[in-house]
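Spelled out, the chains give:
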Amino acid sequence: MAMQVCWLDNLAKALETSARTKKPVLLDFYNPQ
Amino acid sequence: MGAVTYPDKAVIDFVDYNFIPVQVQVTDTALMQKYNVSWTPTILVLDADGKEHYRSVGFLAPGEFIAAMQVGKGRYYLDTEQFPEARAMFEEVISQSPEANAVPEAIFFPGGHPVQAHPRPKPLREVYDTLTAKYPASDWSQTGRAL
């Protein structure tokens, strides 16, 4: 199992993967500071 | 979230199994504006067309995060008319995390959905009675008054 969430950094890529896998996208807006 | 919730093993496994996770920094003003986001953390559940089905604003500890995102996935299923999957997801929240803040919403939506999920009046009344008895202070109890 992964030791961290495997976040994508590109929404378009996530939407494309969502369409293929039928899983919804979890979009997290965050402030790295 | 990055220091406490996202490193949690249960959260990692839950997100990996249920979602396609993507993180966007607040410097992406185009996306911030598109989704009307002005606060972090803000977490959205989207379908493959980018349409929003659920929103959470503010910090969530691991258990609350999982319960909230189970509701979020339930809302996604409900909106996309996958009713058995929606019901299963809401029931999972209620059984796995009975003390979570997301539970009243998980109770409300299966019974409260007015179109196809549960159109009969008796279950709707039961939902309202359950919400007002167990969670009288919840916003979902007040929303359930319409039932």
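Visitor: Can you help me understand unusual backbone geometry in this one?
Guide: Most of the time, phi is negative for any residue but glycine, and the peptide bond is trans. Between T40 of chain B and P41 of chain B the backbone carries a cis peptide bond, its omega angle lying at -5°. In this fold, P41 of chain B is placed in the loop between α2 (29-34) and β2 (42-46). For K22 of chain A, which is not a glycine, the phi torsion comes out positive at approximately 65°. With respect to the helices and strands, the residue K22 of chain A is situated in the loop between α1 (11-21) and β1 (25-30). Classification of K22 of chain A as exposed rests on a relative accessible area of 64%. At N36 of chain B, a position not held by glycine, the phi torsion is positive, near 55°. Structurally, N36 of chain B is set in the loop between α2 and β2. For N36 of chain B, a relative accessible area of 63% corresponds to the exposed category.

Visitor: Can you walk me through the pattern of salt bridges in this structure?
Guide: Oppositely charged side chains may form a pair once their charged atoms are brought near each other. Residues and elements named next belong to chain B. Enumeration over the complete set of coordinates arrives at three salt bridges over all chains. Where K9 meets D13, a salt bridge forms, and the shortest distance between an N and an O atom there is 2.7 Å. Placement of the pair is K9 and D13 together in helix α1 (residues 9-18), with a separation of four residues, close to one helical turn. Across the pair R55 and E52 runs a salt bridge whose closest N-O atoms are separated by 2.9 Å.

Visitor: What's the story with the packing of α1 of chain B against helix α3 (residues 62-79) of chain B in this structure? I'm lost.
Guide: For any two helices packed against each other, the geometry comes down to the angle between their axes and how far apart the axes lie. Residue and element names in this part refer to chain B. Their axes nearest at 10 Å, the elements α1 and α3 cross at an angle of 15°. One finds that α1 runs roughly parallel with respect to α3. In the packing of α1 onto α3, the handedness of the crossing is left-handed. Contact residues: α1 offers A10, V11, F14, V15 and N18, while α3 offers P62, F65, I66, M69, Q70 and K73. Residues of the contact of α1 with α3, tallied by class, amount to eight nonpolar, two polar and one charged.

Visitor: What is the right way to look at the interface of chain A and chain B in this model?
Guide: Put simply, an interface is often sized by how much accessible area is lost when its parts join up. Listed by partner, the interface residues are 28 residues for chain A and 34 residues for chain B. Between chain A and chain B lies a buried interface of about 3,000 Å² when both sides are counted; carbon and sulfur atoms form 67% of it. Three residues stand out in chain A for area buried against chain B, namely P24, L26 and F29 of chain A, and they jointly supply 28% of the buried area on that side. Taken together, chain A and chain B are joined by zero salt bridges.

Visitor: Where do I start with the packing of α3 of chain B against helix α4 (residues 83-96) of chain B in this structure?
Guide: Residue and element names in this part refer to chain B. Two numbers describe how α3 lies on α4: the axes approach to 7 Å, and their chain directions differ by 165°. By the angle class used here, α3 and α4 are roughly antiparallel. Our pair here, α3 against α4, has a crossing hand that is left-handed. On the side of α3, the interface is formed by A67, Q70, V71, K73, G74, R75, Y77 and L78, while α4 contributes F83, E85, A86, M89, F90, E92, V93 and Q96. Taken together, the residues of the contact of α3 with α4 break down into nine nonpolar, three polar and four charged.

Visitor: Can you walk me through the nonpolar core in this structure?
Guide: Most often, soluble globular proteins keep nonpolar side chains buried together rather than apart. Formed by 36 residues in total, the largest nonpolar core has its most connected members in L26 of chain A together with F65 and M69 of chain B. When residues in this core are grouped by element, the largest group, nine residues, is from α3 of chain B. Leaving out residues up to four positions away in the same chain, M69 of chain B has contacts with L26 of chain A together with F14, F19, I43, V45, Y54, S56 and L60 of chain B. Grouped together as the second largest cluster of nonpolar side chains are 15 residues, L11 and L27 of chain A together with Y35 and V37 of chain B included.

About the thresholds
Residues numbered from 1 in each chain as written. Chains lettered and ligands numbered in written order. Predicted model: local features only at pLDDT ≥ 70, side-chain atom pairs only at ≥ 80, totals over all residues. Heavy atoms only, no water. Helix = DSSP H or I, 4+ residues; strand = E, 2+ residues; numbered from the N terminus. Buried < 20%, exposed > 50% of the residue type's maximum accessible area, 1.4 Å probe, protein only. Salt bridge = Lys/Arg side-chain N within 4 Å of Asp/Glu carboxyl O. Axes fitted to C-alpha atoms, helices over the stretch in contact; angles between N-to-C directions. Parallel < 35°, antiparallel > 145°, perpendicular 65-115°, else oblique. Left-handed = near helix turned anticlockwise from the far one by under 90°. Contact = heavy atoms within 4.5 Å. Nonpolar A, V, L, I, M, F, W, Y, C, P; charged D, E, K, R; others polar. Buried area = accessible area lost by both parts, 1.4 Å probe. Core = buried A, V, L, I, M, F, W, Y, C linked by side-chain atoms within 4.5 Å.

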